[in-house]
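Single-letter residue listing:
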Amino acid sequence: RLDHCSVMPNYAKRRYQSGHADGFQVSNCRGKIEVESCKFEGLMDDPINVHGTSVLIDKIQTGNRLVCSFQHRSSKGFEWAREGDELGFIKRDSMATVATGKVRSFTKLDTDQFILDLDTEIPAGVETGDALENLTWTPDFTVRNTWFGSCRARSLLVSTPGEVLIENNDFISSGAAIVIAGDAGNWYESGAVKDVFIRGNRFHPHCLTNKHGSGEGVISIAPVIPEIDPAKPFHRNISVIENVFDVFDYSVLYALSVDGLTFSHNIIKHNTYYQPWLGRRAMLTVEACKNVEIKGNLIADDVLGKNIEIINTAPGEVKTGSGQGIIIEDA
């Protein structure tokens, strides 16, 4: 629990940077992470990043033994699993979880490699080159009443299948305010979300003044999926409700590969602090998604776009309420 913590530059000493990278990197934890009434500013990367670590399957030695390896230099050498932990088997191209299993034992070989013995046979279809995630070591995450001031990157990165509540915060980050990602090919930060509420927050005019790291919208849901299958979305159940967006550019929300996306009862205002620059010409972009509902939003007359761009998504999957003045465009 972080309660009234501050990660801020000491302006009295003419300092304008509080940290070289992230404020808090919450990696491979479980239980509950709570952030209440904190302040972040002047970081060169994200104030908070919550995620797991995907590992690569190097060898299948027997019917229930795998040799695996850490892939990113920032996440190596730790005790990745314990007896009884539940695993997810991930196809690297589609990022689909095709099966689960349980750990019987974990044996570290060196900082790069380890052996996993499972309590059952390795599921059919799992191959070398696929990835694993530890589904036991995934936390719930709550952040509320917190100030995310000017930082070079985003404010929040969230990749955990636990319950996530982002409530009553102020976002002034120069990149996307919130990024929900997940990959098994670069940073190897695992965690397809299943239950996210983004509610009652204020997204200030300076959000999205740079595109650092998945900055496709003020809120950017952007998992890295080499081969996207609209029938098998990666993330699930994301609700963006009762927030205030004060934006100068078009893109408020970009959503890729989500099953169950709600964007409702938000207020969207337009400001002229900066000129539009991102290149997207849609207020909301929905790509390879299912079960999308957009309703009850109050959108100012001068907001740019006032449109929904649908990419690789069946039109019937997107439902819009009346009285919003939004048009739907199929890319």
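The rules behind the values
- Residues numbered from 1 in each chain as written.
- Predicted model: local features only at pLDDT ≥ 70, side-chain atom pairs only at ≥ 80, totals over all residues.
- Heavy atoms only, no water.
- Pairing = 2+ DSSP bridges.
- Helix = DSSP H or I, 4+ residues; strand = E, 2+ residues; numbered from the N terminus.
- Axes fitted to C-alpha atoms, helices over the stretch in contact; angles between N-to-C directions.
- Phe/Tyr/Trp six-rings, centres within 6.5 Å; stacked < 30°, edge-to-face > 60°.
- Buried < 20%, exposed > 50% of the residue type's maximum accessible area, 1.4 Å probe, protein only.
- Lys NZ or Arg CZ within 6 Å of the ring centre and 35° of its normal.
- Salt bridge = Lys/Arg side-chain N within 4 Å of Asp/Glu carboxyl O.
- Core = buried A, V, L, I, M, F, W, Y, C linked by side-chain atoms within 4.5 Å.
- Contact = heavy atoms within 4.5 Å.

## Observations regarding the sheet that holds strand 12 (residues 131–134)
So, point 1. Strand order in the closed barrel formed by six strands is 7-8-11-10-9-12, with antiparallel pairing between adjacent strands. Direction aside, the axes of adjacent strands within the sheet are offset by 45° on average.
So, point 2. With four bridges joining them, strand 7 (residues 55–60) and strand 8 (residues 65–69) adopt antiparallel strand pairing. Following the sheet pairing, Ile57 is matched in strand 8 by Cys68.

## Looking at the packing of aromatic side chains
So, point 1. In the structure shown here, the tally under the stated rule is 13 aromatic pairs.
So, point 2. A centroid spacing of 5.1 Å and a plane angle of 40° characterise the contact between Phe70 and Phe78, whose relative ring orientation is tilted.
So, point 3. Both rings, one in Phe70 and one in Phe114, keep their centres 5.3 Å apart while their planes meet at 55°; by these two values the pair is tilted. One end of the pair, Phe70, is in the loop between strand 8 and strand 9 (86–90); the other, Phe114, is in strand 11 (residues 113–118), and 44 residues separate them in sequence.
So, point 4. By relative accessible area, which is 4% here, Phe70 ends up buried.
So, point 5. Lying over the aromatic face of Trp137, Arg30 brings its terminal NZ or CZ to 4.3 Å of the ring centre.

## A word on the pattern of salt bridges
Two side chains of opposite charge can pair, provided their charged atoms sit close to one another.
So, point 1. Taken as a whole and assessed by the stated rule, the structure comprises 16 salt bridges.
So, point 2. A salt bridge links Arg1 to Asp3, with the shortest nitrogen-to-oxygen separation between them at 3.1 Å.
So, point 3. With a relative accessible area of 61%, Arg1 lands in the exposed category.
So, point 4. Since its relative accessible area comes to 37%, Asp3 is described here as partly exposed.

## As for the nonpolar core
So, point 1. In this structure, Phe141, Leu156, Ile178 and Phe245 are the most contacted members of the largest nonpolar core, which totals 53 residues.
So, point 2. For this core, the leading source of residues is strand 26 (residues 258–264), giving three residues.
So, point 3. Excluding residues within four positions of it along the chain, Leu156 makes contact with Ile48, Phe141, Val143, Phe148, Ile166, Phe171, Ala177, Ile178 and Val179.
So, point 4. The next biggest cluster of nonpolar side chains, apart from the first, holds 18 residues, and it includes Trp80, Phe106, Phe114 and Leu118.

## So, the pairing of strand 13 (residues 139–144)
So, point 1. Pairing of strand 4 (residues 31–36) with strand 13 involves six bridges; the strand directions are parallel. Bridging from a neighbouring strand, Glu34 pairs with Thr142 of strand 13.
So, point 2. Where strand 13 lies against strand 16 (residues 163–167), four bridges are found, and the strand directions are parallel. Pairing of Arg144 across the sheet is with Glu167, part of strand 16.

## Side note on the pairing of strand 16
So, point 1. The element strand 16 is extensively covered by neighbouring structure, given that four of its five residues are classed as buried.
So, point 2. Sheet topology note: the strand 16/strand 20 (residues 195–199) ladder contains five bridges and is parallel. Each residue of the ladder has a partner; that of Leu165, found in strand 20, is Phe197.

## Structural notes on the sheet that holds strand 29 (residues 290–295)
So, point 1. Spatially, the nine strands line up as an open sheet ordered 1-4-13-16-20-23-26-29-32, and their pairing is parallel. The sheet terminates laterally at strand 1 (2–3) and strand 32 (318–320), the two strands that pair on one side only.

## Considerations on the environment of Tyr188
So, point 1. One can find Tyr188 in the loop between strand 18 (178–180) and strand 19 (189–190).
So, point 2. Here Tyr188 falls in the buried class, since its relative accessible area comes to 6%.
So, point 3. Separated by 132 residues in the primary sequence, Tyr188 and Leu56 place their C-alpha atoms 9.1 Å from one another.
So, point 4. With residues near it in sequence (within four places) discarded, Tyr188 still touches Gly52, Thr53, Ser54, Gln71, Arg92 and Asp183.

## Brief notes about the environment of Val126
So, point 1. Checked against the element boundaries, Val126 lands in the loop between strand 11 and strand 12.
So, point 2. Taking the relative accessible area as the measure of exposure, Val126 reaches 10% and is therefore buried.
So, point 3. Each C-alpha atom, one on Val126 and one on Val98, is 8.1 Å from the other, the two residues being 28 residues apart in sequence.
So, point 4. Here Val126 is in contact with Ile57, Ile60, Phe89 and Val98, once residues within four sequence places are set aside.

Fair warning: the whole summary comes from geometry, so function is off the table for now.
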